[in-house]
Amino acid sequence: MSNKLKILVVEDEEAISNFIATTLKANDYNVIMARTGKEALSMIPSHCPDVILLDLGLPDIDGIDILQQIREWSNIPVIVVSARTEEADKVKALDMGADDYIAKPFGTSELLARIRTALRHVAKGGSGNAVGDVFTLRGLTINFDKRQITVDGKDVHLTQIEFKIVSLLAKSAGRVLTYDYIITELWGPYAIKDNQILRVNMANIRRKLEKNPAQPQYIFTEVGVGYRMAEE
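Residues numbered from 1 in each chain as written. Predicted model: local features only at pLDDT ≥ 70, side-chain atom pairs only at ≥ 80, totals over all residues. Heavy atoms only, no water.

**Q** It is not clear to me how the UniProt feature "modified residue: 4-aspartylphosphate" (unreviewed entry) in the protein chain should be interpreted in this structure. Could you clarify?
**A** Here, the residues flagged by UniProt with the feature "modified residue: 4-aspartylphosphate" (unreviewed entry) are Asp55. Residue Asp55 is classed as buried on the basis of its relative accessible area of 5%. Not counting chain neighbours up to four residues away, the residues in contact with Asp55 comprise Val10, Glu11, Asp12, Gly63, Val81, Ser82 and Lys104. (UniProt positions renumbered as here; feature names shortened; annotations may be inferred. Buried < 20%, exposed > 50% of the residue type's maximum accessible area, 1.4 Å probe, protein only. Contact = heavy atoms within 4.5 Å.)

**Q** How do you make sense of helix 8 (residues 195-209) when you look at a structure like this?
**A** Between the first and last C-alpha of helix 8 there are 21 Å, a value that for 15 residues agrees with the 21 Å anticipated at 1.5 Å per step. Those residues of helix 8 that fall on the buried side of the exposure criterion are Asn195, Leu198, Asn201, Met202, Ile205, Arg206 and Leu209. Take helix 8 and look down its axis: the buried residues cluster within an arc of 140°, on one side only. (Helix = DSSP H or I, 4+ residues; strand = E, 2+ residues; numbered from the N terminus. Expected span 1.5 Å × (residues − 1). Arc of directions from axis to C-beta.)

**Q** Would you mind showing me how to read empty space enclosed by the protein here?
**A** Remark: the empty space left among the atoms is shown by a probe the size of a water molecule rolled over them. Using the criterion set out here, one finds one cavity of 30 Å³ or more in the structure. A volume near 30 Å³ is recorded for the largest cavity. Forming the boundary of the largest cavity are Asp99, Asp100, Arg114, Thr117, Ala118, His121, Gly174 and Arg175. If one sorts the elements of the lining of the largest cavity by residue count, helix 5 (residues 108-123) sits on top with four residues. (1 Å grid on protein atoms, 1.4 Å probe; cavity = no way out; pocket = protein on both sides within 12 Å on 5 of 7 lines; lining within 4 Å. Points joined across faces, edges and corners; volume = space filled by probe spheres on them.)

This is the structure we're talking about:
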């Protein structure tokens, strides 16, 4: 019995699907392929893939609808691989539960790195670089239980909301969290989706955490989409 990790590639363009499959097989992944949404939805329960690479522009079912159906019953990592490059499409896919979003065309190194990140999240239960109640990254240490943050051994004093923002990002390190997702998680589902308050808090956080706020090493901005905490 093979112990190779299994990846389902949902892509209707033969040249692209063959390219992805060749790349993955060369890196010791087991690959299964679906050309339509209906085929993909029937294969997922029976094949139990470790990661799904999902194109949005399928001939029968829109990829967003497929993603929504998957998330109704499964937390399998889903990486959207799409020619749709509009920020609105990225935001919608991430808000619907996609673990990552890669725009076509893409390089093999990027694809493999995104897959490794998704698999690490599964292995660690979605806790990024957190071990128990502690997250560490390049001199940054976050103790979730004690609500304590240090940078290079020095205490950093954050407000309550600043600490919640940093903790939320740290627990999903490597993943992009959209503005709306962060606002909903922190202020509730009925909060006004105003990114300005989030930007003000982020500016304060970077001033306190980063050596050079203009060139952050911990929290990155995905312009028009949201924020991402780095990981080792």
